[in-house]
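Now for the letters of each chain:
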Amino acid sequence: MPTPEFPQDAKRAVALQRQLAGLVQLTPLARLPELVAGVDCAIAPGGEEIVGVAVLMRFSTGEVVEEQVARRPLTFPYVPGLLSFREGPVLLAALAVLTLRPELLLCDGQGIAHPRRFGIASHLGVLLDLPSVGIGKSRLCGEERVVGEQRGDWQPLMDKGICIGSILRTRERVRPVYVSPGHRCDQEGARALVLAWGRGHRLPEPVHLADRLSKRQRLAVLP
DNA sequence: GCGACAG
DNA sequence: ATCTTGTCGC
């Protein structure tokens, strides 16, 4: 049975994005979240199934608190701008079985740096009413721009004269990432969180670990 | 019509 | 995202 919150056709998906985009809040974070969840997906060999994982980490200790995995049949194609309708359901499933509720979501993909200002980070953030940040490895929209080479250097990601995110250097000699608020977060906070969770990789640690876990789990034998 | 296009 | 070999650098 299709998840009600995720229409299976592009027409209704776009309409839902336009509607939910109105609920996004770009408010500053009250405080630095302690429990953070990184999420990511992988496609099982054969392309019939999608694996979603959530890695919960504690900021003060840097420890992994919990990891959860979910699998679902793949029912939505990859369409630029509609990624959340492909990966959203399985990611929600993985997040739903976490014992502890995260205070923040770090997502692989865009937040408001999206044609309708509603990327997967925004979508998950709004549905779960959690602060969220989108970290994209490549650009969906907005103008490309050269960034300084030091860690922490950044440039605004501009689209039609509006700042929709940041092009941020998280490591030297490594391509910058595209950071944007998902929900209940502002541009400054989004950048600060990504840098605060940097542990030597291009992506923030929770997302980096979620990426590795998903790629391990996609080959796992099902019980 | 043409180019661009998260994962 | 996935496929896919060796290679360069920390």
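The shown structure was predicted, so the numbers you read here are calculated from the model rather than taken from an experiment. (Residues numbered from 1 in each chain as written. Chains lettered and ligands numbered in written order. Predicted model: local features only at pLDDT ≥ 70, side-chain atom pairs only at ≥ 80, totals over all residues. Heavy atoms only, no water.)

K.L.:
Quick question: what am I supposed to make of the protein's contact with DNA strand B here?
P.N.:
In the vicinity of DNA strand B lie 18 residues, with Y78, G81, K137, S138 and R139 positioned nearest. Each atom of DNA strand B within 4 Å of the protein was assigned to sugar, phosphate or base; sugar and phosphate come to 52%. At 2.9 Å, a backbone N or O of G81 approaches a base nitrogen of DNA strand B. Its residues placed into classes, the surface near DNA strand B shows six nonpolar, seven polar and five charged. (Near = heavy atom within 4 Å. Polar contact = N/O pair within 3.5 Å; in protein donor to acceptor, adjacent residues only side chain to side chain. Nonpolar A, V, L, I, M, F, W, Y, C, P; charged D, E, K, R; others polar.)

K.L.:
Is there a simple way to explain the pairing of strand β7 (residues 162–168) in this structure?
P.N.:
Taken residue by residue, a regular strand's side chains alternate between the two faces of the sheet. Burial analysis of β7 places five of its seven residues in the buried class, the great majority of the element. The turn joining strand β6 (residues 154–159) and β7, which pair antiparallel and follow one another in sequence, is formed by two residues; a positive phi near 55° is taken by K160. Sheet topology note: the β7/strand β8 (residues 177–183) ladder contains three bridges and is antiparallel. When the bridges of β8 are listed, I167 appears paired with Y178. (Buried < 20%, exposed > 50% of the residue type's maximum accessible area, 1.4 Å probe, protein only. Helix = DSSP H or I, 4+ residues; strand = E, 2+ residues; numbered from the N terminus. Pairing = 2+ DSSP bridges.)

K.L.:
When you look at the protein's contact with DNA strand C in this model, what are you seeing that I'm missing?
P.N.:
Every residue near DNA strand C is listed here: A42, I43, K137, R173, D211, K215 and R218. Each atom of DNA strand C within 4 Å of the protein belongs either to a base or to sugar and phosphate, the latter forming 100%. Interatomic distance of 3.0 Å between a side-chain N/O atom of K137 and a phosphate oxygen of DNA strand C. R173 is positioned such that a nitrogen or oxygen atom in its side chain is 3.2 Å from a phosphate oxygen of DNA strand C. Elements that contribute at least two residues to the surface near DNA strand C include exactly β1 (35–43) and α5 (205–217). Of the residues contributing to the surface near DNA strand C, the split by class is two nonpolar, no polar and five charged.

K.L.:
I'm lost on the sheet that holds strand β5 (residues 132–136) in this one. Help?
P.N.:
Pairing between the strands of a sheet is mediated by backbone hydrogen bonds and can be parallel or antiparallel. In space, the eight strands of this open sheet follow the order β3-β2-β1-β4-β5-β8-β7-β6, with mixed pairing throughout. The sheet is open, and its two borders are formed by β3 (64–73) and β6, each paired with just one other strand. Adjacent strand axes in the sheet meet at a mean angle of 25°, parallel and antiparallel pairs treated alike. Across six bridges, the pairing between β6 and β7 is antiparallel. Residue pairing across strands places W154 opposite L168, the latter belonging to β7. Sheet contacts for helix α2 (residues 84–96): β1, β2 (49–58), β3 and β4 (104–108); angle to β2, the most-contacted strand, approximately 45°. Relative to the sheet, α5 contacts β1, β2, β3, β4 and β5, its axis offset from that of β1 by approximately 35°. (Axes fitted to C-alpha atoms, helices over the stretch in contact; angles between N-to-C directions. Contact = heavy atoms within 4.5 Å.)

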